[in-house]
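# Inside the fold
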Amino acid sequence: MSNTYKSAGVDKEEGYKTVDKIKKAVGETHNSRVLNQLGSFGAFYEIGGYKNPVLVSGTDGVGTKLKIALDTKQYDSIGIDCFAMCANDILCHGAKPLFFLDYLACGKLDSEVAAEIVLGMVKACKDNQCALIGGETAEMPGMYEPGDYDVAGFCVGIVEKDQIIDGSAIKAGNKIIALPSSGFHSNGFSLVRKIFPDFEEEFEGKPLYETLLVPTRLYFKDIHKVLEEVNVAGIAHITGGGLYENVPRIIPQGLCASIDASKIRIPNIMLELEKRGGIAREEMFGTFNMGIGMTLVVDAEHAEKILHLLDDAYEIGEITEGSEKIDLKF
C-alpha cells in the first residue's frame, strides 16, 4: 500500500467539507469593497471615501479558554472571542474594522467543529460591520493531538489620520470611564482552569462552563456611538495584565490614571475565583479585567454625556499629575 497524505494524518476532504459549511455564511459578511471570494491566494479589499486614511491592524488568539470549549464541546462562542480580541484592540485608536482573517490549527480536522468556530467569527463580523475575507485551516498531526485546536485572527481597520486616538491628548483633570466586561473575556484562563478544574460544577444555578465561556464583549457599536458625539482622548482595552498593564499604555509621561478600586463592579465569578484560590486582590487586578473591558479617558465636561449614551458605563477615576502612570487605590 502506497503512502498518501491521508495516511500521514491529513484529510484534505475534511478541509473541503469545512469550506462548504462556511462559504455561504462567510459571503454574507462581504460588501461591495470585497473584490473576490474565498479560494483566491489573496483577499482583495478596496478602500475609498477617506481623505487621509491610516490602516490599523491587530492580531490575537483565544488562549487556553479554548481548552474549556473543547472539553465541554461548546464551540460557538470561541470564534466570537477570537474576533473580539483583535477588533477591540484596534477600536482603541478610533478605527473602524474593515476585514478579518482567521487561522485555525488542529491535530485532526473535524469539519463540524471547525465550521462552528468560524460561524462564531461570522456572527461577530456581522455585528461589527466587518468582512471575513479569508483564513487558513492547518491540519498538523504530530504537532497537535486529535481533538486539539488553536485559533487566532488578524483584523485590519481604518481611521482618518487626524482622528487617530493615541492618548497624546490626555491631560490632568480628564475623567476615566469604565465599560463593563462580559466576564473573563479571553485572558487569564491558565489560572482560571487551575482554580476551577471541574467545568461541570454548578455556579449560580448553571454549569460553570456556561459562565466561563461567555464570549468577549464587542465594543464597536458603543465606542463609535460615543465617538460620533464627543472627542475621546484615550481608550484602553483591558486584556491580559488587567488595568495595571493596559491603562498605562495610553498615559503620557508626567500623568497618572488615579482609579478608585472601590467603584469597580467586580463580577461574582471573579470574586469566587479570588476566594477559592486564595488570590491576593492586587494579583487579581494584575491578571484579570475585574469587570472592566474598556476604559475611556475624556474631558470632564463630556463624562456625563457618555454615561447618558451608554447605560452601563460608569466613572472610576481621573487623570492627575504624577510619575506613576497608574495609581489603583484599594
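Above: the structure in question.
Residues numbered from 1 in each chain as written. Predicted model: local features only at pLDDT ≥ 70, side-chain atom pairs only at ≥ 80, totals over all residues. Heavy atoms only, no water.

## Regarding the pattern of salt bridges
What the rule picks out here adds up to 18 salt bridges. Between R217 and D222 there is a salt bridge, and its shortest N-O distance comes to 2.6 Å. Pair check on accessibility: R217 and D222 agree, each one buried. One salt bridge in this structure joins D312 and R217, with 2.9 Å as the shortest N-O distance. Taken as a pair, D312 in the loop between α11 (300-309) and β11 (314-321) and R217 in the loop between α6 (208-212) and α7 (220-227) lie far apart in primary sequence, 95 residues in all. (Salt bridge = Lys/Arg side-chain N within 4 Å of Asp/Glu carboxyl O. Buried < 20%, exposed > 50% of the residue type's maximum accessible area, 1.4 Å probe, protein only. Helix = DSSP H or I, 4+ residues; strand = E, 2+ residues; numbered from the N terminus.)

## Focus: the sheet that holds strand β2 (residues 96-106)
Taken together, four strands build an open sheet; the order of strands is β1-β4-β2-β3 and the sheet is mixed. The open sheet terminates on both sides in strands that have one partner only, identified here as β1 (53-61) and β3 (131-139). Between one strand and the next, the sheet's axes are offset by a mean angle of 15 degrees, whatever the strand orientation. (Pairing = 2+ DSSP bridges. Axes fitted to C-alpha atoms, helices over the stretch in contact; angles between N-to-C directions.)

## Remarks on the sheet that holds strand β8 (residues 234-237)
One open sheet accounts for six strands, arranged β8-β10-β5-β11-β9-β12; its pairing is mixed. Only two strands of the sheet have a single neighbouring strand rather than two, namely β8 and β12 (326-329). When strand polarity is set aside, the average angle formed by the axes of neighbouring strands in this sheet is 25 degrees. Sheet analysis places strand β5 (residues 175-180) next to β11, joined by four bridges and oriented antiparallel.

## Overview of the layout of surface pockets
Its volume calculated, the largest pocket comes out at about 730 Å³. Surrounding the largest pocket, 28 residues form its lining, G15, V19, G135, E136 and T137 being those nearest its centre. At the level of elements, α1 (12-27), β2 and β3 are the ones that each hand at least two residues to the lining of the largest pocket. For the lining of the largest pocket, the residue count by class is 13 nonpolar, 10 polar and five charged. Of the voids in this model, the second largest pocket is the one considered here, and its volume is about 480 Å³. Q163, I165, L227, N231 and V232 are the residues nearest the centre of the second largest pocket, which is lined by 26 residues in total. Mapped onto the lining of the second largest pocket, the elements with two or more residues apiece are β4 (149-160), α7 and β10 (292-298). Ranked by the residues each element gives to the lining of the second largest pocket, the list is headed by β4, at three residues. (1 Å grid on protein atoms, 1.4 Å probe; cavity = no way out; pocket = protein on both sides within 12 Å on 5 of 7 lines; lining within 4 Å. Points joined across faces, edges and corners; volume = space filled by probe spheres on them. Nonpolar A, V, L, I, M, F, W, Y, C, P; charged D, E, K, R; others polar.)

## Some points on the nonpolar core
The nonpolar side chains of a soluble globular protein tend to be buried with one another. The biggest cluster of nonpolar side chains holds 81 residues, and the ones touching the most others in it are F83, F100, V151, F184, L212, L243 and I264. The element that contributes the greatest number of residues to this core is helix α4 (residues 111-127), accounting for nine residues. Apart from the residues lying within four places of it in its own chain, the contact partners of I264 are L243, I259, F285, M290, I292, Y314, I316 and L328. L91, C92, F220 and V226 belong to the second-largest nonpolar core, a separate cluster that totals 20 residues. (Core = buried A, V, L, I, M, F, W, Y, C linked by side-chain atoms within 4.5 Å. Contact = heavy atoms within 4.5 Å.)

## A look at helix α2 (residues 65-72)
Burial of α2 is extensive: six of the eight residues sit out of reach of the surface. Residues K65, L66, I68, A69, L70 and T72 constitute the buried set of α2. Check the buried side of α2 and you find it contacts α3 (78-91), β4, α5 (189-195) and α6. Count one or two residues on from α2 and you reach K73, which has phi positive near 55 degrees.

## Focus: α4
Taking 1.5 Å per residue, 17 residues should reach 24 Å; α4 reaches 24 Å between its end C-alpha atoms and fits that length. Residues of α4 that are buried: S111, V113, A114, A115, I117, V118, G120, M121, V122, A124 and C125. Capping the start of α4 is the job of one residue whose side-chain oxygen sits 2.9 Å from the backbone nitrogen of E112: D110. (Expected span 1.5 Å × (residues − 1). Polar contact = N/O pair within 3.5 Å; in protein donor to acceptor, adjacent residues only side chain to side chain.)

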